[in-house]
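# Descriptive structure summary
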Amino acid sequence: MAGPSEQAATAGGGMGPLAAILAPERPRLLLAVALRVVASVASLVPFVAIYELARELVGGAPDNSRVWTVAGVAVGAVLVRFLFQDLAANVTHAVDMDIQLRLRRRMTEHLGAVPLGWFTDNNSGQVKKALQDDVEALHYAVAHAVLDLAGAIAAPIAALVYLVTVDWRLALLTLITLPVYAMFHRAKERTAGEHMGELGGAMGRINSAVVEFVQGIAVVKTFGQARRAHDTFAQAADDYMNTFGRVVRPILRLEAVSSAIVAPAVMLLVVAVEGAVFAGLGWVQPVDVLPFLLLGLGLTAPLGHLAYFVQNFMSAVAAAKSIHEVLDTPPLAAPEKPGLPDGHRVEFVDVAFSYDGENQVLDGVTATLEPGTVTAVVGPSGSGKSTLAKLLPRFYDVTGGSVRIGGVDVREVPADQLYRQVGFVLQDVQLLRASLLDNIRLGRPGATLDEVRAVARAAQIDARLTALPRGYDSVVGEDAHLSGGEAQRVSIARALLADTPVLVLDEATAYADPESEAAIQDALSELVAGRTVLVIAHRLSTIVDADQIVVLDGGRVVERGRHEELIAAEGRYHQMWRAYQSAVPGGTDETSARVLVPHGHGEVQ
Amino acid sequence: MIRQLLRVVGDDYRAPIHRFLTSVVCYAVLQGVTFVLLVPVLRPLLRGDVAGAWPWLGALAVATAATVVAYYVQSLQGFRVGLEAANQLYHRIGDHLATLPLGWFSGGRVGRMAKLASSGVREITGLFAHQLQPLLSGIVTPLTVVLAMFLFDWRLATAMLVAAPVLYLVHRWSVGMVARADQAMDEAVAEANDRIVEFARFQPTLRAFGRVGADHAALEEAMRTQDRVARRYARRMAPGKAVFTVAVQLAVAVAVVFGADLALGGAVDVAELIALLVLVVRFAEPIVEVGELGSVLRSTRASLERMDEVLSTPPLPEPAQPLQPKGSDIELADVRFSYEGAAGRPVLDGVSFRVPAGTMTALVGPSGSGKTTVTRLIARFWDVDSGSVRVGGVDVRELGSESLVAQLAMVFQDVYLFDATIAENIRVGRPAATDDEVREAARLAGVDEIVHRLPQGWDTRVGEGGAALSGGERQRVSLARAILKDAPIVLLDEATAALDPQNEAAVQQALGRMADRTMLVIAHRLQTVVAADQIVVLDSRGRVAEVGTHDELLARDGQYAAFWRERSRAGTWRLRGDRSPSPVGGGSVTPVA
């Protein structure tokens, strides 16, 4: 309802990105505009035909063949218009398709090169928005708005030129209402501009009130306060109505007046009176008033469309800008002197890392993972353990020090080589909407069904997959609905088949349903055998056999060693172990298990 | 559509809408009359009788003035009605959502509802403010003109009247064609976009398995398909979009030809004919605008339909005279329940058990056995198909939802936090609580420990949906709410995800504080199960397999004993590498820093 004023807020970014997107298509867009201009001019011909007809008939003794020629031209012009308008739309749609395909390809190509750490939920949402809303906004601007504007401008200009040739004085006087319109329109824009912030605020408030109310109503109901939340929401709705009504009413008054000034009825009266005066004075023949009635009324029609076009154009500019923001994300630097790892020893050398350049998440972390051993990283939340694990597969690059595989800095290893070395199984299981067969052989597309089944068996999931209606050909999310634990086992099978010598496990059993936890554990045992493993685990009991435990706190290594050694040292790890044991006593230790007693002691740490 | 609009906006708002529609029709008729007055103006003028035109010009001026006033009035009215209708809709949505069963608010539905309540309401407002007027006047004005033409020449008027249904059919055909093409394109676009979003979200996995950039076949395929489909339909659709405009113009051209024929035959007065032709040609235009409104209306209509559907969802029945619960025990008696629209076997099939006041019952069973459904039926997310759920000896359907939720504190896995401070989020549990009580509840649930780590402490806003906190931290806030609420019955769905030791300890401690309540726990931790006064084991068909204490059930050696053995094995699992090479770091502990 706020119209152009609302849009103006988004327009600040300049036209650079939109111009860049459209530049290669300029010739075809110009062609389409030319076609559309021809169609617009043709659309005036039937009106002119009536005038010609009138001149022929009013004079008496009409020339039959000329009358029919005029009628024939009118019909022909309609056909020409149809043809050219259709052609123009075909051209712009083709241009739009090319732009869409090009943008999508560029976007995917680019996304394949940005740091993995960039793909947070937030940024994935931005990708989605760029693809859905922004490409759609561009579609409208390219495929429709350009032509609509061309038509809206060409038709009145052609009409005006024609009218000037009939009688230039009357032609000018037809436009007499325009200055008045412009005055009211400017006043309206000014008022709207003054209140833009207020309007934006009112719309923002009601939108967040709606979202909050709808999202939160279930929670609020469970606490018996539906009425209160409801009152707050109703209050927000009333506020919106009052603010919006108060602010917009004067703007709307001006708008109603300004559009009334150029309404067809007013134009009709103006032209009819002027025509009668001119004819009365003998300045024009009465019949010459006709083209002004026929065409003059349409002169002001594009004024309404213009605001509409501006609005679309502004959205397209904003859309192009946000598409470019995605495309402007800096990609991972390609290695300057590519190197190939020699062996699979993993070394973290004096590693420092910061997400924002201010807070050090990791600071001087040094650790070596010998080939074929399990290294566990433990520490309280916020100690940097997940971040450390993410540096190895290059979700992010270190801000100081280096991470090496087989003696080579991971930044020097070409991406395809790196991922042949490093595999990972994350908390968040990622199965593609593809067949289970293709999901498992993602890393080795050439693998046979037998090979895939072998790893699935090792991952304790073969029986479940075989039992699906279409077996391994079932598509995830369509006819294969797997539980969290089952999906995790599929991802373990995938990692088994990819067979990377180095493996990162980030809390791989976290979201498993308890029923399938044992099966996942068996699958993991199968997976880690013989590999160099870096594991992040909350359940300390699962890592007591690790070859090395690295204890992080505040981004620094505070202890390292084997479980027994760390327990004996009675340091930080020992504390964590005791806290863990009191919260999660050994499953078979029944007597100490009664945690849920009234007024528990609470001195867990 | 108008009828649906009236139903959605509500009966008590009928009158203003009717008034607005009447104004629009008045405006459209006046505009038509103004146009028609052109004929008596032109008739003398074309004959060269300028003086004879002046009285009619006067009439034209009066009609024009009336039209402008009517335009102004309906325009402001449309704005006011739109705004009031939006307000009316917000209130109706608010009222109605407050009465819907909790079970209605599933994840996807809440998201769609939020969209409907924001952009859907805006669309309906826009209907009043921008769309109804051109739509109605685009039909009423030409109709007025055509009817008035009978006063002058019945042949031309009849021709126009015949053209109307033809134009309508052409319009229907073109809208249908465009809609079909749009739908096919939308589907292809949705598929391509889904693939790209998948590509972005799963980038770590894709890259780890060597699918870098354009190497991802499914994505390339989706993009190519989308491009192909879009091109095919764009070609098909372009004529569909132009055809209505052209049909209108063709009708005009036919009128010219027809008029020429009449005039040459000397059957009509030339001046009158010309005046009528001008009329015909001018009125083509508003009809074209009606055609262009079609696509906008389609999306508004879809919003209206969804809104209608939501507003006609039956509310949760409330008892005429709510009873008060006597005590805080829970009893399920032969409960059967299946989800709406889910064919096949019921989720719960004859479940009976009792949770005595002040004791703890653990619910265990495989996923899909209906554990969550049991807790939700107690909280009356839905009503049972048969059997009954009693709280304090009274059927929950007789309690009334307010007094039922007053008995319950729920700690479920999906915790929604408002975009407000942590303190405000905890206070949701009991808005009347003092600051000290809120702090105390926070301390008991270990939330104070989270607060110390946050940049602005207690005043940190936690973001919509609680995005700024981890899952374990959110559950602690939810526990604090439950502690603050201090209800006699606690329904708890233990987190399946492993919490880190700090979170784990905090949660356990908080639960310990509530152990004198009646508790029903969906238990994932062995120690919770062992600690229960009673264990209810559900089987995969939604029936109670066993009930008893831990020792009794182990002795029975049934489903529970098997579950216990499997879980115990999982509890002692250790990750072990290949230890054939000599162990690393065999030296002493090396403290750093």
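Rules and cut-offs
Residues numbered from 1 in each chain as written. Chains lettered and ligands numbered in written order. Predicted model: local features only at pLDDT ≥ 70, side-chain atom pairs only at ≥ 80, totals over all residues. Heavy atoms only, no water. UniProt positions renumbered as here; feature names shortened; annotations may be inferred. Patch = residues over 30% accessible without salt bridge, like charges linked within 9 Å, V, L, I, M, F, W, Y side chains within 5 Å. Areas by Shrake-Rupley, 256 points an atom, 1.4 Å probe, with all protein chains shown as cover. Salt bridge = Lys/Arg side-chain N within 4 Å of Asp/Glu carboxyl O. Helix = DSSP H or I, 4+ residues; strand = E, 2+ residues; numbered from the N terminus. Buried < 20%, exposed > 50% of the residue type's maximum accessible area, 1.4 Å probe, protein only. Domains from an automatic or database assignment. Contact = heavy atoms within 4.5 Å. Buried area = accessible area lost by both parts, 1.4 Å probe. Polar contact = N/O pair within 3.5 Å; in protein donor to acceptor, adjacent residues only side chain to side chain. Nonpolar A, V, L, I, M, F, W, Y, C, P; charged D, E, K, R; others polar. pLDDT = per-residue confidence, 0-100. Phe/Tyr/Trp six-rings, centres within 6.5 Å; stacked < 30°, edge-to-face > 60°. Expected span 1.5 Å × (residues − 1). Bend = angle between axes of the 7 residues up to and from the residue.

If you look chain B up in an unreviewed UniProt entry, it shows as ATP-binding cassette, subfamily B from Streptoalloteichus hindustanus. Heading Subcellular location (unreviewed entry) of the UniProt record for chain B holds this comment: "Cell inner membrane".

Going by the annotation in an unreviewed UniProt entry, the name recorded for chain A is ATP-binding cassette, subfamily B, with Streptoalloteichus hindustanus given as the source organism. Note on chain A: under the UniProt heading Sequence similarities (unreviewed entry), the record states "Belongs to the ABC transporter superfamily. Siderophore-Fe(3+) uptake transporter (SIUT) (TC 3.A.1.21) family." On record in UniProt, under Subcellular location (unreviewed entry), the comment for chain A is "Cell inner membrane".

Residue and element names in this part refer to chain B. Together, Leu-143, Leu-147, Phe-150, Trp-154 and Leu-161 give the surface a local cluster of nonpolar side chains, amounting to about 510 Å² of exposed area. Broken down by secondary-structure element, the contributors of at least two residues to the nonpolar patch are helix 5 (107–149) and helix 6 (154–201). Within the fold, Leu-147 resides in helix 5. Note on Leu-147: relative accessible area 49%, which makes it partly exposed.

Our focus in this paragraph is the domain arrangement of chain A. Residue and element names in this part refer to chain A. For chain A, the assigned domains read domain 1 (14–167 + 290–332), domain 2 (176–283) and domain 3 (346–596). The distance between the C-alpha centroids of domain 1 and domain 3 comes to 55 Å. Contacts between the two partners involve 4 residues from domain 1, matched on the other side by 6 residues from domain 3. For the pair domain 1 and domain 3, the summed buried area comes to about 430 Å², and 65% of that belongs to carbon and sulfur atoms. If you sort the residues of domain 1 by the area they bury against domain 3, Leu-116, Gly-117 and Leu-332 come out on top, with a joint share of 92%. There are 0 salt bridges connecting domain 1 and domain 3. Where domain 1 touches domain 3, the interface holds 0 residue pairs in polar contact (both at pLDDT 80 or more).

Residue and element names in this part refer to chain B. When the domains of chain B are assigned, the result is domain 1 (1–312) and domain 2 (330–571). Residue-level contacts link 4 residues of domain 1 with 4 residues of domain 2. Roughly 300 Å² is buried in total at the junction of domain 1 and domain 2, and carbon and sulfur atoms are behind 70% of that figure. In terms of surface lost to domain 2, no three residues of domain 1 exceed Pro-101, Leu-102 and Gly-103, which account for 99% of the buried area on that side. Inspection of the region where domain 1 meets domain 2 yields 0 salt bridges. Residues of the side of domain 1 that touches domain 2, tallied by class, amount to 3 nonpolar, 1 polar and no charged.

Bringing the pattern of salt bridges into the picture now. Going through the model one piece at a time under the given rule, you end up with 44 salt bridges over all chains. Where Asp462(A) meets Arg457(A), a salt bridge forms, and the shortest distance between an N and an O atom there is 3.8 Å. For Asp462(A), a relative accessible area of 9% gives the class buried. Residue classification places Arg457(A) among the partly exposed residues on the basis of a relative accessible area of 48%. Arg427(B) is the salt-bridge partner of Asp435(B), the closest N and O atoms lying 2.5 Å from each other. Asp435(B) gets classed as exposed once you look at its relative accessible area, which sits at 53%.

Residue and element names in this part refer to chain A. Using the residue numbers shown here, the UniProt feature "transmembrane region" (unreviewed entry) corresponds to residues 29–54, 66–84, 138–162, 168–184, 256–283 and 289–310. Taken end to end, residues 66–84 comprises 100% helix and 0% strand; its first and last C-alpha atoms sit 26 Å apart. Each end of residues 256–283 is marked by a C-alpha atom, and these two atoms are 35 Å apart; helix forms 82% of the span and strand 0%.

The next point concerns the confidence of the model for chain B. Low pLDDT means the predicted atomic positions in that stretch should not be read closely. All names here are of chain B. Counting all residues, the mean pLDDT for chain B is 82, and 90% of those residues have values of 70 or more. Across chain B, strand 1 (residues 330–337) holds the top mean pLDDT of 95, while helix 17 (residues 501–513) sits lowest at 73. Low pLDDT, under 50, characterises residues 579–593; the stretch is placed with 22 contacts to residues that sit more than four places away or in other chains.

All names here are of chain A. Positive phi is not limited to glycine here, since Arg-394 has a value of about 60°. When you line up the elements, Arg-394 lands in the loop between helix 13 (385–391) and strand 4 (400–405). Its relative accessible area of 6% is what places Arg-394 among the buried residues. For Gln-460, which is not a glycine, the phi torsion comes out positive at approximately 65°.

In this section: the packing of aromatic side chains. Here the structure, examined in full by the defined rule, presents 18 aromatic pairs over all chains. Residues Tyr560(B) and Phe563(B) carry aromatic rings whose centres are separated by 6.0 Å and whose planes lie at 40° to one another, so their mutual orientation is tilted. Taken together, the positions of Tyr560(B) and Phe563(B), both in helix 20 (residues 559–571) and 3 residues apart, correspond to about one turn of that helix. Within the aromatic cluster, the residues linked to one another by ring pairs are Phe213(A), Phe233(A), Tyr240(A), Phe244(A) and Tyr90(B).

Quick look at the interface of chain A and chain B now. Every contact between the two is made by 174 residues of chain A and, on the other side, 166 residues of chain B. A buried area of about 15900 Å², summed over both sides, lies between chain A and chain B, and 68% of it is on carbon and sulfur atoms. Linking Glu220(B) and Arg105(A) is a salt bridge whose minimum nitrogen-to-oxygen distance equals 2.6 Å. In this assembly, chain A and chain B are joined by 11 residue pairs in polar contact (both at pLDDT 80 or more).

Quick look at helix 3 (residues 26–58) of chain A now. Residue and element names in this part refer to chain A. Given a rise of 1.5 Å per residue, 33 residues ought to cover 48 Å, and the 49 Å separating the end C-alpha atoms of helix 3 matches this to within 8%. At Pro-46, helix 3 shows its maximal kink, close to 30°. The first or second residue beyond helix 3 is Gly-60, which carries a positive phi of 80°.

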